[in-house]
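Coordinate inspection notes
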Amino acid sequence: MSAIWDTIVIGGGQAGLAAGYHLQKKGLRFLILEAGPQATGSWALYYDSLKLFSPARFCSLPGMKFPKAPDQYPTRDEVIRYLQQYATRFQLPIMTNQRVKSVEKEGDAFIIRTTAGESHKAFTIVNATGSFHRPYTPVIEGRESFSGRILHSSAYRRPDSFAGQRVVVVGSGNSAVQIAVELSEVSRTSLAVLRPVQFVRQKLWGLDMHVWIRLIGLDTFPFWRFGKKPPIPSSVIDLGRFRERISAGKPDQKLMFKSFYEDGVVWPDGTKEPVDSVIFATGYRPYLEHLKNADALDSDERPVHVAGVSTAVPGLYYVGLEGQRSFASATLRGVGPDAEYVVRKLKRFLQK
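Residues numbered from 1 in each chain as written. Predicted model: local features only at pLDDT ≥ 70, side-chain atom pairs only at ≥ 80, totals over all residues. Heavy atoms only, no water.

Observations regarding helix α2 (residues 76-89)
In a regular helix each residue adds 1.5 Å, so 14 residues correspond to 20 Å; α2 covers 20 Å between its end C-alpha atoms and thus fits that length. All of the buried residues in α2 are R76, V79, I80, Y82, L83, Y86 and A87. Down the axis of α2, the buried side of the element spans an arc of 160°, and every buried residue falls inside it. What points out from α2, more than 90 degrees from its buried face, is the exposed set T88 and R89. On its buried face, α2 is in contact with α1 (14-25), β3 (94-95) and α6 (332-351). (Helix = DSSP H or I, 4+ residues; strand = E, 2+ residues; numbered from the N terminus. Expected span 1.5 Å × (residues − 1). Buried < 20%, exposed > 50% of the residue type's maximum accessible area, 1.4 Å probe, protein only. Arc of directions from axis to C-beta. Contact = heavy atoms within 4.5 Å.)

Have a look at this one:
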């Protein structure tokens with residue numbers, strides 16, 4: 001085991017890179033451990049046609065503007081390239097293929113062990129694994145008997161393999177709608193929803209909605225200071241023709257089915273319908289398995305923290321959690337301010 005680092009950052013996606021930028025500015029000795037082959041977080045795992053819902057002006061990490069016209073909407077591949085360029089520009093110390101399997105406290109330091117057999121020691125930790133590494137799928141009766149294909153949206157890439165099929169996409173959020181609209185071009189697709197999809201216009205009076213969110217202060221409002229969590233958006237941003245397509249029934253909407261059977265799904269009225277594939281666009285949970293033995297999580301395996309500072313384990317910090325400090329915390333535009341706040345707290349801790 002090498003010398004003790006000031007900080008180990010777990011995760012090399014947008015949150016980890018933002019943390020690295022601010023750690024570097026503070027002159028701290030640190031290392032970023034990334035589970036994958038490149039420091040791009042979850043972006044490489046998203047479907048091919050993914051387009052961001054916020055314009056490029058709101059997609060920059062600290063110290064480097066996103067290289068696209070301010071009012072254009074970046075694609076998945078453009079974000080991946082940007083993150084790669086960011087890591088190179090600031091020469092951040094990143095070790096790839098280093099999935100962390102455990103974190104344990106040993107005296108005043110942490111021991112971090114990876115599945116690659118590496119061990120590292122640090123006085124502090126910034127957990128930057130984000131909120132998109134553990135796909136969530138609800139438990140539904142009869143699933144084990146269904147003979148068709150079931151997958152989470154995290155495993156969806158492109159519509160080709162679904163051509164000519166009967167497909168049900170579960171969910172009413174942005175990803176569910178975008179995937180269902182794309183699939184409806186090649187298959188008979190339905191959105192299975194708990195309530196009808198609610199849309200919000202992408203632009204109002206010529207300005208993107210994110211501009212208005214920033215202007216009224218919602219984007220960065222410190223809900224945490226009042227002991228509250230930021231509201232989770234429930235409306236779908238209409239990037240173009242989403243509302244029009246769903247109104248035309250391509251895809252259509254159906255009230256969420258109540259169970260599976262061998263050949264398909266059972267709708268609320270008892271009707272059985274054969275279905276080839278079901279895609280769950282039902283969100284994610286934070287990936288924090290490596291912190292289980294560090295006494296950092298509550299009974300629901302969620303981090304115990306205030307604004308990214310662990311209240312259970314001194315020296316442990318977070319960047320990239322949904323609603324960590326603001327409405328924007330888990331986004332490209334939000335991880336920078338959160339990282340700056342956390343690193344400032346972290347340095348004070350080291351100076352004690």
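Quick notes on the pattern of salt bridges
Enumeration according to the criterion identifies 14 salt bridges in this entry. Between K121 and E106 there is a salt bridge, and its shortest N-O distance comes to 3.3 Å. In this pair, K121 sits in strand β6 (residues 119-127) while E106 sits in strand β4 (residues 100-106), placing the two residues 15 residues apart along the sequence. Note that E301 and K292 form a salt bridge whose closest N and O atoms lie 3.4 Å from each other. For E301, a relative accessible area of 29% translates into the label partly exposed. For K292, a relative accessible area of 40% puts it in the partly exposed group. The network of salt bridges with common partners includes D48, R76, D77 and R158. (Salt bridge = Lys/Arg side-chain N within 4 Å of Asp/Glu carboxyl O.)

Things to note about the pairing of strand β19 (residues 277-280)
The alternating pattern of β19 places S277 and I279 and V278 and F280 on opposite faces, both of which are buried. Across 4 bridges, strand β8 (residues 149-152) lies against β19 in parallel orientation. What sits directly across from H152, in β19, is F280. When strand β9 (residues 166-170) meets β19, the two strands line up parallel, connected through 4 bridges. Note on β19: the bridge partner recorded for V170 is F280. (Pairing = 2+ DSSP bridges.)

Let's talk about the nonpolar core
Membership of the largest hydrophobic core comes to 62 residues, with the highest contact counts inside it found for W43, Y86, V169, L191 and I279. At the level of secondary structure, the elements contributing two or more residues to this core comprise α1, β2 (30-33), α2, β9, α3 (174-183), β10 (188-193), α5 (242-247) and α6. Among residues more than four places away in sequence, those in contact with W43 are Q14, L50, L52, R76, V79, I80, L83 and L332. Core analysis: the second largest hydrophobic core is formed by 19 residues, V103, I112, A296 and L297 among them. (Core = buried A, V, L, I, M, F, W, Y, C linked by side-chain atoms within 4.5 Å.)

Observations concerning the sheet that holds β19
Hydrogen bonds between backbone atoms are what pair the strands of a sheet, whose relative direction is either parallel or antiparallel. An order of β8-β19-β9-β10-β15 is seen for the 5 strands of this open sheet, with the pairing classed as parallel. Of all the strands in the sheet, just β8 and β15 (252-255) have a single pairing partner and so form its edges. Pairwise comparison of adjacent strand axes, ignoring direction, gives a mean angle of 25° for this sheet. By the bridge criterion, 4 bridges tie β10 to β15 in an arrangement that is parallel. Counterpart to V193 in the pairing with β15 is L255. Packing of α3 onto the sheet brings it into contact with β9, β10 and β19, and relative to β9 it is tilted by some 170°. (Axes fitted to C-alpha atoms, helices over the stretch in contact; angles between N-to-C directions.)

As for a positive patch on the surface
A cluster of basic residues, K25, K26, R344, K345 and R348, forms a positive patch on the protein surface. Tallying contributions element by element places α6 first for the positive patch, with 3 residues. Mapped onto the elements of the fold, K345 is located in helix α6. (Patch = residues over 30% accessible without salt bridge, like charges linked within 9 Å, V, L, I, M, F, W, Y side chains within 5 Å. Areas by Shrake-Rupley, 256 points an atom, 1.4 Å probe, with all protein chains shown as cover. Lys, Arg positive; Asp, Glu negative; His and termini not counted. Charge placed at Lys NZ, Arg CZ, Asp CG, Glu CD.)

Some points on the packing of aromatic side chains
All told, the structure shown has 10 aromatic pairs when counted by the stated rule. Across from the ring centre of F110, 4.9 Å away, lies the NZ or CZ of K105, which sits over that ring. Above the face of the Y261 ring, K272 is positioned so that its terminal group lies 5.0 Å from the ring centre. (Phe/Tyr/Trp six-rings, centres within 6.5 Å; stacked < 30°, edge-to-face > 60°. Lys NZ or Arg CZ within 6 Å of the ring centre and 35° of its normal.)

Everything listed here is a matter of coordinates, which is why it stays silent on function.
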